[in-house]
Amino acid sequence: MRRDSITAGTALAAGALAAGALALAPAAHAVTPPTATISADCGSFGSGRGTLTATQSGTAVTFTVTSSAITAPISLGKDTVTSTLTLVKAGGGTVAFTGKANPAMAAGAPVEVGPLRGTVAPGDRLEARGGSLRLTAFGLTATCTATGPQSPGPFVFD
């Protein structure tokens, strides 16, 4: 057997293995829409519009919440805010996404928390209306309640 036919055969076998691995790789999952805007009332901590950004990997989902209308009441260090985002399922019930992740924030700075982690089932439709965001730092708790539907509509998960 010639050397170049062995090399060609090895290359073909490696290519077939790579193609097979790609065919068996899990399909990418996507949440639609990836971002939504909500209006929320956080009592004495502020009220206004915020943005929810979702990322899905299989049944695992993370959310990041940002708002320039809702501000930090005091200076907050990195990863000092415990947060729970509760969203309402279309068929009833709720799903909670939790975490203790945030950038450092100066007093009066826009609030940003996340990633907040949770799980979903394929086909779940989640809405902020009727849900809440609870933020706790240094023994202070702020609860923000959505005051209307999110735009552009519920999050739908693959």
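Located above this text is the structure these notes cover.
About the thresholds
Residues numbered from 1 in each chain as written. Predicted model: local features only at pLDDT ≥ 70, side-chain atom pairs only at ≥ 80, totals over all residues. Heavy atoms only, no water. Helix = DSSP H or I, 4+ residues; strand = E, 2+ residues; numbered from the N terminus. Buried < 20%, exposed > 50% of the residue type's maximum accessible area, 1.4 Å probe, protein only. Contact = heavy atoms within 4.5 Å. Areas by Shrake-Rupley, 256 points an atom, 1.4 Å probe, with all protein chains shown as cover. Disulfide = S-S within 2.5 Å. Patch = residues over 30% accessible without salt bridge, like charges linked within 9 Å, V, L, I, M, F, W, Y side chains within 5 Å. Salt bridge = Lys/Arg side-chain N within 4 Å of Asp/Glu carboxyl O.

### Focus on the overall build of the chain
And then number 1: The secondary structure content of the chain amounts to 1 helix and 10 strands.
And then number 2: Sequence-ordered secondary structure for the chain, helices as α and strands as β, is α-β-β-β-β-β-β-β-β-β-β.
And then number 3: The burial tally for the chain puts 33% of its 158 residues in the buried class.
And then number 4: Taking the intrachain contacts of the chain between residues at least 6 apart in sequence as the baseline, contacts between residues at least 24 apart amount to 61%.
And then number 5: Accessible surface, the chain as shown: approximately 8500 Å² in total, 60% of it carbon and sulfur.

### Focus on the state of the cysteines
And then number 1: This model, assessed by the stated rule, comprises 1 disulfide.
And then number 2: Here Cys42 engages in a disulfide with Cys144; their sulfurs sit 1.9 Å apart. Taking the torsion about the sulfur-sulfur bond, which here is approximately 115°, the covalent link between Cys42 and Cys144 counts as right-handed. With Cys42 in the loop between strand 2 (35-41) and strand 3 (47-57) and Cys144 in strand 9 (residues 140-146), the pair connects residues that are 102 residues apart, well separated along the chain. The exposure classification of Cys42 matches that of Cys144, with both residues buried.

### Topic: the environment of Thr37
And then number 1: With respect to the helices and strands, the residue Thr37 is situated in strand 2.
And then number 2: Linking Thr37 and Thr53, residues 16 residues apart in sequence, is a C-alpha distance of 8.9 Å.
And then number 3: With near-sequence residues (within four places) excluded, Thr37 lies in contact with Arg49, Gly50, Thr51, Pro149, Gln150 and Ser151.

### A closer look at a nonpolar patch on the surface
And then number 1: Among the surface-exposed residues, Ile74, Phe138 and Leu140 lie close enough to one another that they form a single nonpolar patch of about 290 Å² accessible area.
And then number 2: Mapping Phe138 onto the fold places it in the loop between strand 8 (125-137) and strand 9.
And then number 3: The exposure class of Phe138 is exposed, given its relative accessible area of 57%.

These values are about where atoms sit, not about what they do.
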